[in-house]
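Chain residues, written in single-letter form:
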Amino acid sequence: MTEPVTVADDAAASVAAARARFPEGVVRSHVVNGQTVLYVTRAAAHAILAYLQRDAAQRFNYLTDITCVEYRDRERELEVVYQLRSLARRVDLRVKIGLDPEGPLDVATVTDLWYGAEWLEREAWDMFGVVFAGHGDLRRILMWETYSEGHPLRKSFPLRGHWSRAEQTRQALNANPEAHYSLEELSISEAYRELPKDMQQRLAESGRGPLP
């Protein structure tokens, strides 16, 4: 009697196919809590991810997430993690790239493979400082654009920030409110009367003055 093919078997088949096609690009693989994880080199990562997405036998057409992991153990690599799913095959596969936390944190963008990678890569850049080469608009997405203390989810980032509370307060008070809030949010703020006169004028001209 033939044993039924399981999801783990399907993921293992994709790992074997990737290993056969990119023998120099696959570092290792293992299964953790039922999740198959494929480690690849930075140099071959884009080609392997493209193969997993485009090959008719793989069809990992849904990029569920991109994130990063930095461990407290400084000897371990910082990992860029891609969570893939083949909707047609109902198979999940996690692909990881290991980077030296002290070295250049850059990998090729996958926005040309999955449109959904655009915001995910911006978030990984914002929080961890990983540069996705070729991304067309790699701006901060969670922190404000003028935020300059670094990348808050790095292990080297102090819990209270790089600057003192006094310096953070000083910069917050001197910051342009439009860098943090939309004009519409400012127009309904209780602090409307405290806004600079020129900003009140622009809100009035735009028809987005204070609510009656």
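Residues numbered from 1 in each chain as written. Predicted model: local features only at pLDDT ≥ 70, side-chain atom pairs only at ≥ 80, totals over all residues. Heavy atoms only, no water.

1. Considering the overall build of the chain
And then number 1: The helix and strand tally for the chain stands at six helices and seven strands.
And then number 2: In the chain, the share of contacts with a sequence separation of at least 24, taken over all contacts with a separation of at least 6, comes to 46%.
And then number 3: Here the chain displays about 12900 Å² of accessible surface, and carbon together with sulfur accounts for 52% of that area. (Helix = DSSP H or I, 4+ residues; strand = E, 2+ residues; numbered from the N terminus. Contact = heavy atoms within 4.5 Å. Areas by Shrake-Rupley, 256 points an atom, 1.4 Å probe, with all protein chains shown as cover.)

2. As for the pattern of salt bridges
And then number 1: Throughout the structure, instances matching the rule amount to six salt bridges.
And then number 2: One salt bridge connects Arg 42 with Asp 106, and the closest N-O pair in it is separated by 3.9 Å. With Arg 42 in helix H2 (residues 42-54) and Asp 106 in strand S6 (residues 106-108), this pair connects stretches of sequence that are 64 residues apart.
And then number 3: The partner of Arg 139 in a salt bridge is Asp 137, and the shortest N-O contact between them spans 2.7 Å.
And then number 4: Arg 139 gets classed as partly exposed once you look at its relative accessible area, which sits at 34%. (Salt bridge = Lys/Arg side-chain N within 4 Å of Asp/Glu carboxyl O. Buried < 20%, exposed > 50% of the residue type's maximum accessible area, 1.4 Å probe, protein only.)

3. Description of the pairing of strand S2 (residues 35-40)
And then number 1: Among the six residues of S2, six are classified as buried, and the element is accordingly described as predominantly covered.
And then number 2: Residues Gln 35, Val 37 and Tyr 39 line one face of S2 and the alternating positions Thr 36, Leu 38 and Val 40 line the opposite face, and both faces are buried.
And then number 3: In this sheet, S2 lies alongside strand S1 (residues 26-32) in antiparallel orientation, the contact comprising six bridges. Bridge pairing links His 30 to Val 37 in S2.
And then number 4: Counting the residues that bridge the hairpin from S1 to S2 gives two residues, and of these Asn 33 lies at a positive phi of roughly 50°.
And then number 5: The pairing of S2 with strand S5 (residues 91-99) spans four bridges and is classified as parallel. Bridge pairing links Tyr 39 to Lys 96 in S5. (Pairing = 2+ DSSP bridges.)

4. Quick word on the confidence of the model for the chain
And then number 1: Averaged over all residues, the pLDDT of the chain is 85; the fraction at 70 or higher stands at 79%.
And then number 2: By mean pLDDT, helix H5 (residues 183-187) is the weakest element of the chain at 58, and H2 is the strongest at 98. (pLDDT = per-residue confidence, 0-100.)

5. Quick notes on H2
And then number 1: Between its first and last C-alpha, H2 extends 19 Å over 13 residues, near the 18 Å set by a 1.5 Å rise per residue.
And then number 2: Taken together, the buried positions of H2 are occupied by Ala 44, Ala 45, Ile 48, Leu 49, Ala 50, Tyr 51, Leu 52 and Gln 53. (Expected span 1.5 Å × (residues − 1).)

6. Points about helix H3 (residues 117-128)
And then number 1: Between its terminal C-alpha atoms H3 stretches 16 Å, which fits the 16 Å expected from twelve residues at 1.5 Å a residue.
And then number 2: Of the surrounding secondary structure, the elements contacted by the buried residues of H3 are strand S3 (62-69), S6 and strand S7 (131-133).
And then number 3: Count one or two residues on from H3 and you reach Gly 129, which has phi positive near 80°.

7. Re the packing of aromatic side chains
And then number 1: Tallied over the full model, the rule gives two aromatic pairs.
And then number 2: Ring geometry for Phe 22 and Tyr 51: centres 5.8 Å apart, planes at 65°, overall edge-to-face. You can see Phe 22 sitting in the loop between helix H1 (7-21) and S1 and its partner Tyr 51 sitting in helix H2, a full 29 residues away along the chain. Across this residue pair, the class does not change: Phe 22 and Tyr 51 are buried.
And then number 3: Stacked on the ring of Tyr 39, the Lys or Arg Arg 28 has its end atom at 3.8 Å from the ring centre.
And then number 4: Positioned over the ring face of Tyr 71 is Arg 76, at 3.6 Å from the centre of the ring. (Phe/Tyr/Trp six-rings, centres within 6.5 Å; stacked < 30°, edge-to-face > 60°. Lys NZ or Arg CZ within 6 Å of the ring centre and 35° of its normal.)

8. Some remarks on the sheet that holds S1
And then number 1: Strand order in the open sheet formed by five strands is S1-S2-S5-S4-S3, with mixed pairing between adjacent strands. Where the open sheet ends on each side, the last strands, each with one partner, are S1 and S3. Taking each pair of neighbouring strands and ignoring which way they run, the sheet shows an average axis angle of 20°.
And then number 2: Where S3 meets strand S4 (residues 78-86), seven bridges bridge the pair, whose relative direction is antiparallel. Within the sheet, the bridge partner assigned to Val 69 lies in S4 and is Glu 79.
And then number 3: In the packing of H2 onto the sheet, contacts are made with S1, S2, S4 and S5, and the angle to S5 comes to roughly 165°. (Axes fitted to C-alpha atoms, helices over the stretch in contact; angles between N-to-C directions.)

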